[in-house]
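# Understanding the architecture of this molecule
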Amino acid sequence: MSQQRYKPKTQFGPNLGTNHRTEQRRQSKKNMAEEPITTTTTLVTPEKQPSSEASDSTHEVLPKETEAPKSVTETDLPETAEATTKPEEHHPPTVTETETASTEKKELGEASKKEVAEEKKSMIPLNLGSFKEESSKLSDLSESEKKSLDELKRLVRDALDNHQFGSTPKPEDAANTTTTPEEVKIWGIPLLEDDRSDVVLLKFLRARDFKVKDSLAMLKNTIKWRREFKIDELVEEDLVDDLDKVVFMHGHDREGHPVCYNVYGEFQNKELYNKTFSDEEKRKHFLRTRIQFLERSIRKLDFSSGGVSTIFQVNDMKNSPGLGKKELRSATKQAVELLQDNYPEFVFKQAFINVPWWYLVFYTVIGPFMTPRSKSKLVFSGPSRSAETLFKYISPEQVPVQYGGLSVDPCDCNPDFSLEDAASEITVKPGTKQTVEIIIYEKCELVWEIRVIGWEVSYKAEFVPEEKDAYTVVIQKPRKMRPSDEPVLTHSFKVNELGKVLLTVDNPTSKKKKLVYRFNVKPL
């Protein structure tokens, strides 16, 4: 049985003739043919919705006509007989998005108008300039850049031959230092004679605007610092800390960059804060653990020509202690200086989410001292737009649940979905209703996850059989979802006959909402 999935796109597909679709389904009514599940995304008018009264029960069966409801449950539905034919061909459904008035539309009162006005007034700019990451393909370099790279390689060769990097020679080479070149590696990669060496050297060149002598000086200083800090030994150490929720890697962005999350609000915990920053020794340990984390992450990057050798950074500023904590400020300043001097060009983009007002004041002070190129890598977003901002760069299935996505912590168990199961996004405009229609062509168990960022909508799910006189099965009666409700709803439904599952979100508010969903098919 095929388990192929169809992901809706924001475009119109071919128009399916009514007669053709009727004939196709007539051939499959007596049994579920082995065809993939497909989806249609559409907005439906209130008149087209099956009527039902809200209650706490689910899987209630409703008649499609206006006759009196019968006492039937999901388990009473008959299974289809053995099939003798299959659909001759499968046509993708038409994908449309139309707008109709919400059945729960509210008037925009003075309080709501004030709320909207305040939100616009305090709106934080999403980015501070355009930025396109430089290609790591050597073939994409300009002639002048190639010339600078060749010149740097020549200078590095001379420095290695003359032991200018100051590495300790091997015992067998100690007596022949004048004839044996140094062997220097950085992030596990030799400075020369390796397919990945050119990409490493390019990082130092770009950090110094392709000024060859300045790039060589930076490289020498970095090698010296790494030796003094004993980086290679640090990578292998078994350091203990309680910062798993403060800094962690999770998923990839839309271009394949690994994503690192920095959650500063965790330091509101006084016990954790004191354990990390209360004295100089603890601050040194904090710095060592962060460098170890970064080194291990960098060594997983792809330094081949055209590979992904940069990281997408997400900085969560919610409940951040702010600039008043001098210990945190001191440790952060030291860490930033080390990163700037010794880890060039490893950040693809810096996204600051849940940004408070004081951080913008801080940025106003330091902004003039930043280069336009550095500014262009920064993205800022306030609390109300954080998820929307992340989705511009990271697919929802890759974004952790706490930031508006569908991905759970790796320590948690989600047997139905993984990072590889793609999610779809839909914008539900104010005062409109959005319905996701999943057409079923085979016996299966359909499992889906759905969320609306911030909720404040009504949600319902139902199964509509293809058979004309069959009953509509209410999987989830209309439920008003509040912001405090569970962020992600997971449902499943066993399908034994042709039909379609409808997931309906009704947005009565004055704000647009982001709907995210995905589904999987399990054979029966």
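Residues numbered from 1 in each chain as written. Predicted model: local features only at pLDDT ≥ 70, side-chain atom pairs only at ≥ 80, totals over all residues. Heavy atoms only, no water.

## Brief notes about the pairing of strand S7 (residues 311-316)
Note the following rule: A simple rule labels every residue: compare its accessible area, found with a 1.4 Å probe on the protein chains alone, to the largest value its type can have, and call it buried under 20%, exposed over 50%, or partly exposed in between. For helices the rule is a DSSP run of H or I covering at least 4 residues; for strands it is a run of E covering at least 2, with both sets numbered from the N terminus onward. Here, a strand pair is defined by DSSP locating no fewer than two bridges between the strands.
Taking burial as the measure, the six residues of S7 include six buried ones, the bulk of the element. The alternating pattern of S7 places Ile-311, Gln-313 and Asn-315 on one face and Phe-312, Val-314 and Asp-316 on the opposite face, and all of these are buried. With five bridges joining them, strand S6 (residues 258-263) and S7 adopt parallel strand pairing. Bridged to Val-263 within S7 is Asp-316. Taken together, the six bridges between S7 and strand S8 (residues 347-353) define a ladder with parallel strand orientation. Among the inter-strand pairings, Asn-315 is bridged to a residue of S8, identified as Phe-352.

## Points about the sheet that holds strand S10 (residues 424-428)
To keep things clear, this is the line we draw: An axis is simply a line fitted to the C-alpha atoms; with a helix, the fit covers only the stretch in contact. Between two such axes, the angle follows the N-to-C directions and lies from 0 to 180 degrees.
Across the sheet, four strands lie side by side as S10-S17-S12-S15; this open sheet has antiparallel pairing. Each edge of the sheet is formed by a strand with only one pairing partner; in this case those strands are S10 and strand S15 (489-495). Shown here is a sheet whose adjacent strand axes are inclined to one another by a mean of 25 degrees, direction ignored. Note that strand S12 (residues 444-452) and strand S17 (residues 513-523) share nine bridges and pair antiparallel. The residue bridging Val-452 from the neighbouring strand is Leu-515, located in S17.

## Quick word on the sheet that holds S7
Which entries qualify depends on this criterion: Two residues qualify as a contact provided that any one of their heavy atoms is within 4.5 Å of a heavy atom in the partner residue.
Taking strand neighbours across the sheet as the criterion, the five strands line up as S5-S6-S7-S8-S9 in an open arrangement whose pairing is mixed. Strands with a single pairing partner mark the edges of an open sheet, and in this sheet they are strand S5 (247-252) and strand S9 (378-380). This sheet shows a mean twist of 20 degrees between the axes of neighbouring strands, independent of strand direction. Note that S5 and S6 share four bridges and pair antiparallel. What sits directly across from Met-249, in S6, is Cys-260. Along the sheet face, helix H8 (residues 280-298) touches S5, S6 and S7 and points at about 20 degrees away from the line of S5. This element, helix H12 (residues 386-393), spans S7, S8 and S9 of the sheet and lies at about 165 degrees to S8.

So far we have only geometry, and geometry alone does not tell us how the molecule works.
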